[in-house]
Amino acid sequence: MKVLVIGGGAREHALCRSLSLDPDVTALYCAPGNAGIAEVAELHPVDALDGDAVARLATDLGAELVVVGPEAPLVAGVADSVRAAGIPCFGPSGEAARLEGSKAFAKDVMAGAGVPTARSYVCTTPAEIDAALDAFGAPYVVKDDGLAAGKGVVVTGDVEEARAHALACGRVVVEEFLDGPEVSLFAITDGTTVLPLQPAQDFKRALDGDEGPNTGGMGAYSPLPWADPKLVDEVMESVLQPTVDELRRRGTPFSGLLYAGLAITSRGVRVIEFNARFGDPETQVVLARLKTPLAGVLLGSANGTLDELPPLKWRDEAAVTVVIASHNYPGTPRTGDPIEGLDEVAAHDAPHAYVLHAGTRREGDTIVSAGGRVLSVTATGKDLASARERAYTAAARIRLDGSQLRTDIARKAAEG
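Rules and cut-offs
Each residue is numbered by its place in its chain's sequence as written, counting from 1. Under the rules for a predicted model, residues below a pLDDT of 70 receive no local features and side-chain atom pairs below 80 are neither given nor counted, while totals for whole chains, interfaces and linings still include all residues. Each side-chain value is worked out from all heavy atoms of the structure, with water and hydrogens disregarded. Should a side-chain nitrogen of Lys or Arg be within 4 Å of a carboxyl oxygen of Asp or Glu, the pair is scored as a salt bridge. Numbered from the N terminus, helices here are DSSP runs of H or I no shorter than four residues, and strands are runs of E no shorter than two. Buried, partly exposed and exposed residues are distinguished by accessible area as a fraction of the type maximum, computed with a 1.4 Å probe on protein chains only: under 20%, between the cut-offs, and over 50%, respectively. The contact rule is simple, with two residues in contact once any of their heavy atoms fall within 4.5 Å. Think of a 1 Å grid over the protein atoms and nothing else: a 1.4 Å probe that fits but is trapped marks a cavity, an open set flanked by protein within 12 Å on at least five of seven lines marks a pocket, and residues with an atom within 4 Å of a point count as lining. Grid points are joined across faces, edges and corners, and a volume is the space filled by probe spheres set on the points. Following the grouping adopted for this structure description, the nonpolar residues are Ala, Val, Leu, Ile, Met, Phe, Trp, Tyr, Cys and Pro, the charged ones are Asp, Glu, Lys and Arg, and the polar ones are all others, Gly among them. Axes, fitted as lines to C-alpha atoms, cover a helix only where it is in contact. Angles between the N-to-C directions of the axes lie from 0 to 180 degrees. An angle below 35 degrees is read as roughly parallel, one above 145 as roughly antiparallel, one from 65 to 115 as roughly perpendicular, and any other as oblique. Crossing handedness is read from the near helix: turned anticlockwise from the far helix by less than a right angle, it gives a left-handed crossing, and turned clockwise, a right-handed one. A pair of strands is labelled paired if DSSP reports no fewer than 2 bridges between them. A helix's residues, less one, multiplied by 1.5 Å, set its expected span. By nonpolar core we mean a set of buried residues, namely Ala, Val, Leu, Ile, Met, Phe, Trp, Tyr and Cys, connected to one another through side-chain atoms within 4.5 Å.

1. What to know about the pattern of salt bridges
Scanning the entire structure with this criterion turns up 25 salt bridges. Among the ionic pairs, D130 bridges to R163, the shortest N-O distance being 2.6 Å. Of this pair, D130 sits in helix α7 (residues 126–136) while R163 sits in helix α8 (residues 159–169), and the two are 33 residues apart along the sequence. R163 gets classed as partly exposed once you look at its relative accessible area, which sits at 26%. Members of the salt-bridge network, linked through shared partners, are R11, E12, E71, E100 and R277.

Listed below in structure tokens is the structure:
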């Protein structure tokens, strides 16, 4: 099978790495890709938001499966253009991707499906914002209704900060604060059958101890030793299957990756948000543990044949990923700095630890930073403590001027 992956971040590098290890994949392409992805896939330039351009590229390459990685192309309907060209595509339609593209739409779907979530108000005027903030009180949770690259949410005890964020967004969802640990659970679906993956936990705040501003994610780990063994079954029954059924009932079937961001509250599981694609950085650890070859599962989603596949197989190992971010992230990042030490990780830490590229590009013989999150250093081990030690040992070999990382990814879970 010839596979084309759309995107150029660490999520896409993780997808390409898994696909490159799949014996059924005879050719692997990525557009636009990055410096790390170039080592496992043939790169092609493309405007990832231009569905016709993506479909043309897929046709020219003879791709038999297109995998759309990021949320913006999905919300823009790129998967629709690829399917219209007669090529199987992993990723929801533009209409179904509104589950991530609009927080208000997601709340409406959850109401229809009876999915447990936070109480909320959709606000478009200053008066509505003030009333909603007053109704819930601190801590305040304010979410931009549209896509914001993981940075559109403010959780704060300061009402003025909450109000300022709400006013800057235009249309916002103000909701009650959910207590308890957060969990990410992915499921692959063809619009009817739902295959849950293993749960992971990511770390959104920039600094150790969950301090600092929200980011797109600074690290993740899987499995979750503290979670109820029945968690996946419970979320399948109360969240994932009802959501997929509700979207199908509405005439907008969802096929692709359904990502449920969950809070395990004192009152039970509640949905914080849905995403319409693999999460970054959770994908890095979930795919590190997946034993089943990936291409056939993604094709089953695209073709509506997931019910014919055997159960997914998982490695017993744990996985940890640590994000190395550029200077000033999540503000305007500094780019163009040389990255050193990648060869040392490959020489000393493989195969248990490896580096997935996010914001990188090649300049001659040098790989330089080209974004906010630059690298995801990922490692596996017999348990979380072992995987964590390997990830941080490898990360310490990387040299990037002004870079930052969290030192506490998976620490609490590893210590039990």
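There is more to say, and it comes next.
2. A look at the environment of L178
Within the element layout of this structure, L178 appears in the loop between β9 (172–175) and β10 (182–189). Given a relative accessible area of 12%, L178 falls into the buried group. C-alpha of L178 to C-alpha of I264: the two residues are 86 residues apart in sequence and 8.4 Å apart in space. Contacts of L178, omitting those with residues within four sequence positions, involve A118, A263, T265, R267, R270, V271 and I272.

3. Looking at empty space enclosed by the protein
By the definition in use, this model includes 2 cavities of 30 Å³ or more. The calculated volume of the largest cavity comes to roughly 60 Å³. As for the largest cavity, its lining consists of L99, S102, K103, A106, K107, M110, K143, E175, I272, E273 and F274. When residues of the lining of the largest cavity are assigned to their parent elements, the largest contribution, 4 residues, is made by helix α6 (residues 103–113). Of the voids in this model, the second largest cavity is the one considered here, and its volume is about 40 Å³. Lining the second largest cavity, in full, are A14, R17, S18, T283, Q284, L287, A288, Y354 and L356. For the lining of the second largest cavity, the leading source of residues is helix α10 (residues 282–289), giving 4 residues. When the residues that make up the lining of the second largest cavity are grouped by side-chain class, the tally is 5 nonpolar, 3 polar and 1 charged.

4. Focus on the packing of helix α1 (residues 10–20) against α10
It is at 8 Å that the axes of α1 and α10 come closest, and there the two elements cross at 15°. Taken together, the axes of α1 and α10 are roughly parallel relative to one another. Note on packing geometry: the crossing formed by α1 with α10 is left-handed. On α10, the residues touching A10, R11, A14, L15 and S18 of α1 are T283, Q284 and L287. When grouped by side-chain class, the residues that make up the contact of α1 with α10 number 4 nonpolar, 3 polar and 1 charged.

5. Looking at the sheet that holds strand β15 (residues 219–222)
An order of β12-β15-β18-β23-β20 is seen for the 5 strands of this open sheet, with the pairing classed as antiparallel. Pairing within the sheet leaves two strands with one partner each, and these edge strands are β12 (201–202) and β20 (353–357). Both β12 and β15 contribute to a ladder of 2 bridges, which runs antiparallel. Bridging across to β15, Q201 finds its partner in Y221. Lying on the sheet, α10 is in contact with β12, β15, β18 (318–325), β20 and β23 (373–381); it crosses β18 at an angle near 150°.

6. Thoughts on helix α13 (residues 384–395)
Counted at 1.5 Å a residue, the expected span for α13 with its 12 residues is 16 Å, and the 16 Å between its end C-alpha atoms agrees. Of all the residues in α13, the buried ones are L384, S386, A387, R388, A391, Y392, A394 and A395. As for α13, its buried residues are in contact with β15, β18, α12 (342–348), β20, β23 and α14 (411–415).

7. What about the nonpolar core?
Considering soluble globular proteins, one finds that nonpolar side chains tend to be buried as a cluster. Among the nonpolar cores identified, the biggest contains 80 residues, and L4, V66, L99, L240 and V320 are the most heavily contacted of them. With 8 residues, the top contributor of residues to this core is helix α9 (residues 231–249). Contacts of L240, omitting those with residues within four sequence positions, involve L185, A187, V194, V235, L258 and A260. One finds C30, F186, A295 and L306 within the second-largest nonpolar core, a separate group that totals 39 residues.

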